[in-house]
Amino acid sequence: MLKLEDKITQVSGIGPALEKKLKRLKIETAKDLLLYFPWYYEDIGQAQPIANLQIGQKAGIVGKIDLISSRRSFKRKLYITEALISDESGTIKAVWFNRKFLKNSLQAGDILSLAGKIEEKNGQLTISSPVYEKINQKKGQIHTAGIVPYYHLTAGLTHKQLRFLIKKIISLANVLDDWLPEDTKKRLNILDKSKAIEKIHFPKNFQELKEAKKRLAFEELFLRQLKSEKVFEKLSLLKANPIAFKEKATKEFVKQLPFTLTAEQKQATWEIIQDIKADKPMIRLLQGDVGSGKTVVAAIALLNLALNNQKSTKSPYQAIFMAPTEILAKQHFHTLQKLFKNWSIKIQLHTRSYKEKNYQSKNELADIIIGTQALLQDKSPVENPSLLIVDEQHRFGVNQRYEIIKKYQETTPHFLSMTATPIPRTLALSIYGHIGLSTIKNLPPGRQEVITKIVEDRDKEKMYQFITKKLEAGDQAFVICPLISPTDKLGARSVEEEIKSLKKIFPQFAIDKLHGKMRSQDKDKAMKKFLDNETKILVSTSVVEVGVDVPNATIMIIEGSERFGLAQLHQFRGRIGRGKKQSYCFLKASAEVKSKALERLEATKKYSKGSELAKEDLKLRGSGEIYGTMQSGFPELKFASLFDLELIKASQIEAKRLIKKDPRLLKSLKYFSDPLID
Ligand code: ADP
Ligand code: MG
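Quantities reported herein were computed from a predicted structural model and do not represent experimental measurements. (Residues numbered from 1 in each chain as written. Chains lettered and ligands numbered in written order. Predicted model: local features only at pLDDT ≥ 70, side-chain atom pairs only at ≥ 80, totals over all residues. Heavy atoms only, no water.)

Participant: An account of the overall build of the protein chain is requested, with residue identities and associated values reported.
Facilitator: Along the backbone of the protein chain there are 23 helices and 21 strands. Each of the 678 residues in the protein chain was classed as buried or not, and the buried ones make up 53%. If you take every contact in the protein chain between residues at least 6 apart in sequence, the share linking residues at least 24 apart comes to 72%. Roughly 33,300 Å² of accessible area belongs to the protein chain as shown, and the carbon and sulfur atoms make up 51% of that amount. (Helix = DSSP H or I, 4+ residues; strand = E, 2+ residues; numbered from the N terminus. Buried < 20%, exposed > 50% of the residue type's maximum accessible area, 1.4 Å probe, protein only. Contact = heavy atoms within 4.5 Å. Areas by Shrake-Rupley, 256 points an atom, 1.4 Å probe, with all protein chains shown as cover.)

Participant: A description of helix H8 (residues 247-256) should follow, citing residues and the corresponding values.
Facilitator: Those residues of H8 that fall on the buried side of the exposure criterion are Ala249, Thr250 and Phe253. Buried positions in H8, seen along its axis, are confined to an arc of 100 degrees and lie on one side of it. Exposed residues pointing more than 90 degrees away from the buried face of H8 are listed as Lys248, Lys251 and Lys255. (Arc of directions from axis to C-beta.)

Participant: Outline the packing of aromatic side chains, supporting the account with residue identities and numerical values.
Facilitator: Here the structure, examined in full by the defined rule, presents 12 aromatic pairs. Ring geometry for phenylalanine 253 and phenylalanine 340: centres 5.7 Å apart, planes at 50 degrees, overall tilted. Residue phenylalanine 253 is located in helix H8, and its partner phenylalanine 340 is located in the loop between helix H11 (326-339) and strand S11 (347-350); the two are separated by 87 residues in the primary sequence. Using a relative accessible area of 0% as the deciding quantity, one classes phenylalanine 253 as buried. Each residue in the set Phe253, Phe340 and Trp343 is aromatic and connected to the rest through ring pairs, giving one cluster. Just above the ring of tyrosine 132 sits the side chain of lysine 160; from NZ or CZ to the centre is 3.5 Å. Of note, lysine 167 hangs over the ring of phenylalanine 202, and the distance from its end group to the ring centre comes to 4.7 Å. (Phe/Tyr/Trp six-rings, centres within 6.5 Å; stacked < 30°, edge-to-face > 60°. Lys NZ or Arg CZ within 6 Å of the ring centre and 35° of its normal.)

Participant: Which residues make up the sheet that holds strand S16 (residues 451-455), and what are the values?
Facilitator: Within the open sheet, the six strands sit side by side as S16-S21-S20-S17-S19-S18. Their pairing is parallel. Every other strand in the sheet has two partners, leaving S16 and strand S18 (511-514) as the edge strands with one partner each. With strand direction ignored, the average angle separating the axes of adjacent strands in the sheet is 20 degrees. Across five bridges, strand S17 (residues 476-480) lies against strand S20 (residues 553-558) in parallel orientation. Its bridge partner lying in S20, alanine 477 is registered against isoleucine 555. Of the strands in this sheet, S16, S17, strand S19 (537-540), S20 and strand S21 (584-588) are in contact with helix H15 (residues 460-472), which crosses S21 at around 155 degrees. (Pairing = 2+ DSSP bridges. Axes fitted to C-alpha atoms, helices over the stretch in contact; angles between N-to-C directions.)

The structure is reproduced here in structure tokens:
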């Protein structure tokens, strides 16, 4: 008897060659095969009498082979197999091309089930290259009638083979663990696991398919809810350092800022302060569109931490503020130094190139350590952070985020994660019930919406004239290029080439460059000169994609803009429009840009808010993949929709009910360590 864990070669008919192909699809055991789900279905319906067939329709028929023969067509170098198939109502011709083996596997008298497009050729009813199967009463049809499943394939493997193999082992579904409680299944009227697996592969109709999907979707959500509860439980046992709210100092700090905090910034700040003053670790996600002012909110949390150290410095609380790029870490370092200039707060920078430097005096520990991933790799200057803030969290890969959590797991700091990726409310609130969510929806007042234009090559003169006027008036410009140097064959603009041509166009303005291959000191210099308005035009790669804040820059040209995704374009554009002045973003695209890319540019032009672009992106992709989530590493749900609020709620209720009934269950669940991902 075949078992779930058995190697796939135990299934009769699977030899080493097939094993190799299946391995490419990550199918190694019988269970893997059983759980290899179709990605689309085609409704062929039930077999129709041949006399009823209509030209142009896709149909299934069942009939007997009256005659079968093969010939070579010399003109078209094709090997043609033709068969006459008949049922009680009529006759149809079936034609296959280059399928030599058919001659041996089919013969007159065989009963066939066929499916394909019905055509008329030379006055004869014809079905071309149909999928077929010999009818075997016991097995029933799986390729040519009803709803037929299609799978993601690999070279040398066919849908037919996969269906055949899965059909062979489908009864294994009965031994799968069905861990959903019986009463839950009854209450929600959902299928047993075995039925669901069977129906997801071989549904008789769409109703069955729907039921199968519902069960599997529910299961996904339910499991996630359990994990979420598990984290809740774990959190309630953990201790973190309570960071007392320094109300007076905080108010002073807020008052001396060069701007007034928006209501949403205040709300977010308040939520964080409430969380960190507890002795349980905070897990909070601060979500706000590019330029919405998240940094200052983080700064207030950091200020409070530092002020908790002012009396006793024996074992101070320390905070880590992590950014995905060195440029951004450096910027945060300067921003905080400026913001905290009236307070004696010790800030240290730790990146790949700055870890040697010591920004703290010898015997003192820094209150705040700002850094990049380098903090994870090296011996950290902080062993016991009390507060951990991760900026632009979507830019850290899944593994990096896992490392961050793992590294600091023992010490359980308060954890604040910041992102501009709009996460659907349903996802954030329901599936990640254990995460506090703060949202800054609106930009600070006085900001003008960036004007975005798509510019073809023939319009560039006009654009340069316009930019000249703006730069003469004191503004600055970013020019984004897809590449550093012109090594690429794809014809994209590089920083080096761009600088050359811009120097000719703008001989009167200082132009500088910035990219990842420059030495760290040179990057700093370039950034500083741009910030101080000594450089007018900064030609850069995507190193400035996130976080960089130069409010006087009002112009952005994105070369080869068709190469960037929507989320990326939005992030780039977020570098301008940060001050009060009107900003302009020029999306340069080649004339022969593909329609999909053009749609992206049009969307970028039309919408200025990340949340609107997210919706648009969803439409353009037309799949379940959500804006930015691929890069941000949110879990992919195979069956559940993040927009199915009803099922999400039901899964939450049922999970809580189960845990209440059997609290030990939580203990047996594997602890999952990254609260923000899986
Ligand atoms: P992001 O949310 O993208 O990280 P930042 O924190 O970098 O945004 O803020 C963008 C710019 O807005 C900064 O120059 C910052 O000083 C400024 N800013 C932040 N809050 C306000 C406010 N309430 N009013 C005006 N300007 C603000
Ligand atoms: Mg930022």
